[in-house]
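# Inside the fold
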Amino acid sequence: MNELLLSARNLTKRFGGLAAVNDVSVDLHRDRIHAVIGPNGAGKSTLTNLLSGDLPPSSGRITLNGNETAGKSPERISRMGLGRSYQKTNIFLPFTVWDNVRLAAQSRERHGPWNPLRWLSSASAMTAVNRRCERAIELAGLKARTHTVAGTTSHGEQRQLEIAMTLATEPTVLLLDEPLAGMGHAEAERMVELLLRIKKDHAMMLVEHDMDAVFTLADRLTVMVNGQVIASGTPAEVRSDAGVQAAYLGEEHA
Ligand SMILES: Nc1ncnc2c1ncn2[C@@H]1O[C@H](COP(=O)(O)OP(=O)(O)OP(=O)(O)O)[C@@H](O)[C@H]1O
């Protein structure tokens, strides 16, 4: 229960003279949502890129499901159990929801780039992937949209589809980059419900600017400013932190 699935220790990322991430440590546990908040340019996306392997750290260590990720490609880290959704959509709009999720699921396969001949030859692999896709679509609340062309679904449904595509790779750790961006109230509520549903089987790091959602969802919060962690703790602890109030939250969430 609540086992530690990802541990990042003393991560630093320098771009020339700028420390975009400066000595940051984060632990992600199963069945827990860890939100990372902070103003624009705080280093949240850079931190996400370090955890996913899209950027190598200048220093520090990351352990995923007990194994170090240093020197491994993002694809390899994905196969080790890390799923990531991006701020910018990865969806192929002319394809159906099903086809998008299947393409994402196939990207998880172990033998390098997708080989259609090998793929078609393996009926049992196909069945397993199909089941994985059905589960991911259902969990993301998109069952009724399975055969709908992605480009004709609403903005909120497209964000749900991104989550389904990430779930189809069967991650244990999920990194979600602003899943509520651009959503109206009803869509945001639906996404909050979805995230609470999937948190049970996953460790989740959530980068999000919607503070109502963050304080509803997060079990723990890390607050970053200028690459550094200025506070970390439960939502109640962070909310009452004077430094956080001054640097970021203001009066609204006091
Ligand atoms: N590839 C890069 N090269 C140089 N500087 C970069 C690079 N990527 C990010 N930075 C800088 O690192 C700092 C942190 O950026 P980052 O995008 O991680 O912040 P953020 O908290 O995700 O911001 P936002 O909320 O706007 O997405 C910024 O000053 C940014 O300009």
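Residues numbered from 1 in each chain as written. Predicted model: local features only at pLDDT ≥ 70, side-chain atom pairs only at ≥ 80, totals over all residues.

## Some remarks on the nonpolar core
- Ala35, Val101, Ala140, Ala164, Ala168, Leu206 and Val223 are the most contacted members of the largest nonpolar core, which totals 64 residues.
- Structurally, this core is a two-domain feature, drawing no fewer than three residues from each of domain 1 (1-81 + 172-254) and domain 2 (94-170).
- Contact partners of Ala164, with chain neighbours within four places excluded, come to Val101, Ala136, Ile137, Ala140 and Leu142. (Core = buried A, V, L, I, M, F, W, Y, C linked by C-beta atoms within 7 Å. Buried ≥ 20, exposed ≤ 12 C-beta atoms within 10 Å, placed from the backbone. Domains from an automatic or database assignment. Contact = placed C-beta atoms within 7 Å.)

## Regarding unusual backbone geometry
- For Asp23, which is not glycine, the phi dihedral falls at a positive 60 degrees.
- Mapped onto the fold, Asp23 is located in strand 2 (residues 18-29).
- With phi around 50 degrees, Asn65 is a residue other than glycine that occupies positive phi space.
- By the element assignment, Asn65 lies in the loop between strand 4 (59-64) and strand 5 (67-68).
- For Asn65, a count of 15 C-beta atoms within 10 Å puts it in the partly exposed group. (Helix = DSSP H or I, 4+ residues; strand = E, 2+ residues; numbered from the N terminus.)

## Overview of the domain arrangement of the protein chain
- Considered domain by domain, the protein chain is made up of domain 1 (1-81 + 172-254) and domain 2 (94-170).
- Measuring from the centre of the C-alpha atoms in domain 1 to the corresponding centre in domain 2 gives 25 Å.
- The partner domain 2 presents 13 residues to the 12 residues of domain 1 that form the contact.
- Counting only elements with at least two residues in the side of domain 1 that touches domain 2, the list comes to helix 2 (74-79) and helix 7 (185-199).
- No other element matches helix 7, which puts six residues into the side of domain 1 that touches domain 2.
- Tallied by class, the residues present in the side of domain 1 that touches domain 2 amount to six nonpolar, two polar and four charged. (Nonpolar A, V, L, I, M, F, W, Y, C, P; charged D, E, K, R; others polar.)

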